[in-house]
Amino acid sequence: MSVIYNRVALIGLGLIASSIFWAIKRNGLAAEVTGYARSAETRDTARRIGLCDRVCDSAAEAAADADLVVLCVPVGAMAAVAAEIGPVLKPGATVTDVGSVKRDVIESVSPHVPEGVHFIPSHPLAGTEHSGPEAGFAELFDNRWWLLVPAEGSDRQAVARLRALWEGVGSNVDEMDADHHDLVLAVTSHAPHLIAYTMVGVADDLRRVTDSEVIKYSAAGFRDFTRIAASDPTMWRDVFLTNKDATLEILGRFTEELFALQRAIRTGDGDHLHDYFTRTRAIRRGIIEAGQDTDAPDFGRVKQPK
Ligand SMILES: NC(=O)c1ccc[n+]([C@@H]2O[C@H](COP(=O)([O-])OP(=O)(O)OC[C@H]3O[C@@H](n4cnc5c(N)ncnc54)[C@H](O)[C@@H]3O)[C@@H](O)[C@H]2O)c1
Ligand SMILES: O=C(O)C(=O)C[C@]1(C(=O)O)C=C[C@@H](O)C=C1
């Protein structure tokens, strides 16, 4: 593949930034990648592991002269970082972000983006429960969605160029409106994370009753919850504070369904439970059949006779 941006700057050097760096290097998509992280310790680690061609001591130094700046910090830190780099951005450059929430990021970053610089928010639908500069790997975005959230009237050439970069790191790219994005992600990512955090919290409370059995005998379903609940506390605090309305809307619906299932269990309504689980199983089969979860152990096996 060929160079898409001459110089890319990564602000915030954690899981997502380091994965972007390794994926850019894998396919030679930029001539130079600069980087900055707030803590000196993270910058030292980045230098030690060769993360970025040049690690800078300020966000402004990393962003100056960049053709593309990627904001890879927690959603709540986006505004401060944008304010710091705004004055040094060169005309014609593009700024994007990888934040898990889009409306809030647009409102907090846009005021700091000068005229003549393209701001094209984006979001990779890929991650792990790990964080920090050593957590990244080049394959993270392979065959995952990467959503672009351009404002109406955005420069289409700038959008196409950013699309080419994210396709170059292995993703499938789609465009979406910010509010729709935040609602969809509240269903598919934000509410599920909150439920996992809660379930693990409940188990931890119970542990005092059952000693270490909850951990010792934890079945696969619970182990999946513990993986999700190990995700970065700062990142997820910011997600819930900035995608408040959509998350509360989905949690409201979740609670209603939970009460209905609770009632079915109490009244012995097996038909309700069976019908409900049949419906949800069909959703899982649909995801696998659409080829959207190639990591799943049951991938390719769903067409067996029922
Ligand atoms: N982890 C995921 O699964 C995932 C997936 C998709 C998108 N995202 C989004 O990507 C962004 C980064 O997440 P991550 O998982 O890479 O986090 P991370 O914790 O691994 O890295 C965040 C980095 O930002 C730095 N940072 C924090 N505040 C800063 C500030 N004010 N100035 C400069 N640097 C600062 C931290 O030191 C760290 O290096 C978040 O906005 C998150 O919502 C995360
Ligand atoms: O796989 C995981 O560990 C993730 O939580 C990744 C995940 C998700 O919910 O799917 C988390 C947050 C994002 O903004 C995008 C992806």
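Thresholds, definitions, all that
Residues numbered from 1 in each chain as written. Chains lettered and ligands numbered in written order. Predicted model: local features only at pLDDT ≥ 70, side-chain atom pairs only at ≥ 80, totals over all residues. Heavy atoms only, no water. UniProt positions renumbered as here; feature names shortened; annotations may be inferred. Helix = DSSP H or I, 4+ residues; strand = E, 2+ residues; numbered from the N terminus. Buried < 20%, exposed > 50% of the residue type's maximum accessible area, 1.4 Å probe, protein only. Salt bridge = Lys/Arg side-chain N within 4 Å of Asp/Glu carboxyl O.

- An unreviewed UniProt entry lists the chain under the name prephenate dehydrogenase, with Roseobacter insulae given as the organism.
- Taken verbatim from the UniProt record of the chain, the Pathway (unreviewed entry) comment is "Amino-acid biosynthesis; L-tyrosine biosynthesis; (4-hydroxyphenyl)pyruvate from prephenate (NAD(+) route): step 1/1."
- You can read under Catalytic activity (unreviewed entry) in the UniProt record for the chain the words "prephenate + NAD(+) = 3-(4-hydroxyphenyl)pyruvate + CO2 + NADH".

## Overview of unusual backbone geometry
Note: most residues except glycine have negative phi, and most peptide bonds are trans.
Phase 1: Not every positive phi belongs to a glycine, and Asp-65 is a case in point at roughly 75°.
Phase 2: Tracing the backbone shows Asp-65 in the loop between α3 (59-63) and β4 (68-71).
Phase 3: The phi dihedral of Asn-143 falls on the positive side, at around 65°, and the residue is not glycine.
Phase 4: As for its position among the elements, Asn-143 is in the loop between β7 (122-124) and β8 (145-148).
Phase 5: Overall, Asn-143 belongs to the partly exposed group, its relative accessible area being 48%.

## Let's talk about the pattern of salt bridges
Phase 1: All told, the structure shown has 18 salt bridges when counted by the stated rule.
Phase 2: When the shortest N-O distance is used, the salt bridge between Asp-57 and Arg-47 registers 3.1 Å. On the criterion of sequence distance, the pair formed by Asp-57 in the loop between β3 (54-55) and α3 and Arg-47 in helix α2 (residues 40-49) is long-range, its members being ten residues apart.
Phase 3: In this structure, Glu-167 engages Arg-163 in a salt bridge whose closest nitrogen and oxygen atoms are separated by 3.5 Å. Highlighted residues: Glu-167 and Arg-163, both in helix α6 (residues 156-168), separated by four residues, approximately one helical turn.

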